[in-house]
Amino acid sequence: MKIAYCLIVIFVIKTQAQFNIVKWPQQYNYRRVLPLAANFNNEPAQNSGLDSYDRYINSLLSNENKIGDVNNANDNINKVQPTRYDDDESPIVSKPVRFVGVGTTDFEQLNNVTYALTEFSVILMRSVNQLIRGNVIVSPTSIATVLALLQQGTSGEAQDQMTRALSMPPNATAPTYQRLTYDMKKRNSRNILTVSINLYLGEGFQIEPDFKETSVQYFGSEITNVDFSRPGPAVRQINKWISIQTHNRIAELLPESAVSSSTQVLIANVVYFKGLWETKFKPESTRELLFHLSSGESITVPFMRMRHSFRYGIDEESNSAVVVMPFERYQYSLIIILPQHQSNVDNILKSLSNNKLLNYLKFDESEIQLEIPKFTIKSHTNMIPVLQKMGITEIFSPQADLTRIGTYRTYSPRISSAIHTGYLSVDEQGLSATAATSFAAIALSYEDPPALFQANRPFLAVLWDTQFAIPLFIAKIEDPSK
């Protein structure tokens, strides 16, 4: 059996000629200090030890390297050393990077990268769930990546809001997401994970050199020139790139009306995953069973079934059952959280947290009868109201200063739309005649009947990156037939 998903974030940035460039006070008129980047096209230099990575991050956050210190900008650049990574182990997992001084808010309690990303993910999904009913799939990692990039091109309150949401200052997000992107690109696995980002620039738009450098060297972005004055060809060009990145799972995403002659920048971020289960389902075991919708109605859908040992347990606080299904080589896992009777997905999200997700992964293995529906879902989410609900509002204001991204005829650009599209497919297709296939047919004793985990009502699914200990996507399955 395999699972495939792809997610796309689209940010469209236009110019507003009726607004002049915002002139910030002198204290905000600084030049960003950029740390040196790792080369995405070459293997990293010989590892100088995990402590060097911590020292590197700490140097960015120390008082000697304040972003606002214009006078010492050149000295700071010279002091920063290139990133060194261990090929066999992620420093973010084995020894989390500590972030301090984010602000005098609760975000000071977010003491490492994985905690910050997971908490962002949970808050994001809560906001989406409050605004959208039905099936939803989002990639918190993808959305956070785009916000981290935009954070580099803003200042003032717009930047502060993203800093609070991401729980990282801009001079820490760049090396953090550089590390994430680099690690995802170099993994050796039959489970396929690709992360792509492309900045489409309109004719006449002058991108700031610092922002261009950050985009390419820290976020692995492509830079593509496009003529937005011809919407038809521009949209076809962008849709073709998206189709290639998603292995044709998502085609014709953008309508021609998505861009216009006033569009100056379009940021497209794609995450694609295709994984093989460590223990595979047998297609002949699939049966038609009832799935009970939130409306009280019931539908018949195909359920895949097996009897095997998985990490399994009960979350008493949210009154839900949890099973953890690993993919080959245990690099990723799918966490399915199923509300019990008298509970629902809303209750699960209210109490979901970083600590809970980590504890789920520590459940003991138990023999269970597992029955989950086959499904393919797609969702399209307007991210502007979602992000506004999370406190990110200033970047969508006409008065927001985005001139650190670039300008068009001296005018500051403005974000006009933000679209997130997701695709998730779970079915029985997969490799045959492999050694792993036999594990699905292990003979088990029926003297002690196993627990039944039957996902026959709305549930949450979390694709977990085991190496970085972060959620790559979160999906709410309300109706597996749609």
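None of these values were measured; they are calculated from a predicted model.

A. Quick peek at the pairing of strand 9 (residues 320-326). Within strand 9, seven of the seven residues are buried, which leaves the element mostly enclosed by the surrounding structure. Residue alternation in strand 9 divides its side chains into two sets, S320, V322, V324 and P326 and A321, V323 and M325, and both sets are buried. Where strand 8 (residues 298-315) folds back on strand 9, the antiparallel hairpin that results is connected by four residues, among which N319 adopts a positive phi of roughly 55°. Summarising the sheet, strand 9 and strand 10 (residues 332-339) pair through seven bridges and their orientation is antiparallel. The partner of M325 across the bridge, within strand 10, is L334. Count of turn residues in the strand 9/strand 10 antiparallel hairpin: five residues, of which R329 carries a positive phi of about 65°.

B. The packing of helix 7 (residues 170-186) against helix 8 (residues 209-219), seen in detail. Running from amino to carboxyl end, helix 7 crosses helix 8 at an angle of 40°, the nearest separation of the two axes being 8 Å. Our classification of the angle between helix 7 and helix 8 gives oblique. Note on element contacts: helix 8 touches helix 7 through Q217, Y218 and F219, opposite A174, P175, Y177, Q178 and T181. The class makeup of the residues in the contact of helix 7 with helix 8 is five nonpolar, three polar and no charged.

C. Quick peek at the packing of aromatic side chains. Under the defined criterion, the tally for this structure stands at eight aromatic pairs. Judged by centre distance (6.3 Å) and plane angle (20°), the rings of Y177 and F219 are stacked. Note that Y177 is positioned in helix 7 and F219 in helix 8, a separation of 42 residues in sequence. Accessibility assignment for this pair places Y177 and F219 in one class, buried. Centre to centre, the rings of Y360 and F363 are 5.7 Å apart; their planes meet at 40°, and the pair counts as tilted.

D. Focus on the side chain of T279. Looking at the element boundaries, T279 is found in the loop between strand 6 (263-276) and strand 7 (287-292). A relative accessible area of 10% means that T279 is categorised as buried. A polar atom in the side chain of T279 sits 3.3 Å from the side chain of H308.

E. Geometry of the pattern of salt bridges. In total, this model carries seven salt bridges according to the counting rule given. Taking the shortest distance from any N to any O, the salt bridge between D183 and R179 comes out at 3.4 Å. Of the two residues, D183 and R179 both sit in helix 7, four residues apart, roughly one turn of that helix. D183 sits in the buried class, given a relative accessible area of 1%. Look at the salt bridges and you will find they share partners, linking D315, E317 and K356 into a network.

F. Summary view of helix 6 (residues 156-166). For helix 6, the buried fraction is high: eight of the 11 residues fall into the buried class. Restricting attention to buried positions, one finds in helix 6 the residues G156, A158, Q159, Q161, M162, T163, A165 and L166. Buried residues belonging to helix 6 abut helix 4 (113-131), helix 5 (140-152) and helix 7. Backbone geometry just after helix 6 places S167 at a positive phi near 65°.

G. Spatial organisation of the pairing of strand 7. As judged from the six bridges shared by strand 7 and strand 8, these two strands associate in the antiparallel manner. Across the sheet, the residue bridging to L290 is T300, located in strand 8. Remark: five residues form the turn of the hairpin made by strand 7 and strand 8, two consecutive strands paired antiparallel; G296 in that turn has positive phi of roughly 100°.

H. Helix 5, seen in detail. Over its 13 residues, helix 5 extends 18 Å from the first C-alpha to the last, a length consistent with the 18 Å expected when each residue adds 1.5 Å. Across the 13 residues of helix 5, 13 count as buried, placing the element largely inside the fold.

I. Quick look at unusual backbone geometry. At N319, a residue that is not glycine, the phi angle is positive and equals roughly 55°. Summarising the element assignment, N319 is placed in the loop between strand 8 and strand 9. Looking at N319, the relative accessible area reads 30%, which means it is partly exposed. Of note, A469 is a non-glycine position whose phi angle comes to about 60°, a positive value. Positionally, A469 belongs in the loop between strand 16 (459-465) and strand 17 (470-477).

What counts as what
Residues numbered from 1 in each chain as written. Predicted model: local features only at pLDDT ≥ 70, side-chain atom pairs only at ≥ 80, totals over all residues. Heavy atoms only, no water. Buried < 20%, exposed > 50% of the residue type's maximum accessible area, 1.4 Å probe, protein only. Helix = DSSP H or I, 4+ residues; strand = E, 2+ residues; numbered from the N terminus. Pairing = 2+ DSSP bridges. Axes fitted to C-alpha atoms, helices over the stretch in contact; angles between N-to-C directions. Parallel < 35°, antiparallel > 145°, perpendicular 65-115°, else oblique. Contact = heavy atoms within 4.5 Å. Nonpolar A, V, L, I, M, F, W, Y, C, P; charged D, E, K, R; others polar. Phe/Tyr/Trp six-rings, centres within 6.5 Å; stacked < 30°, edge-to-face > 60°. Polar contact = N/O pair within 3.5 Å; in protein donor to acceptor, adjacent residues only side chain to side chain. Salt bridge = Lys/Arg side-chain N within 4 Å of Asp/Glu carboxyl O. Expected span 1.5 Å × (residues − 1).

These figures come from the coordinates and say nothing about function on their own.
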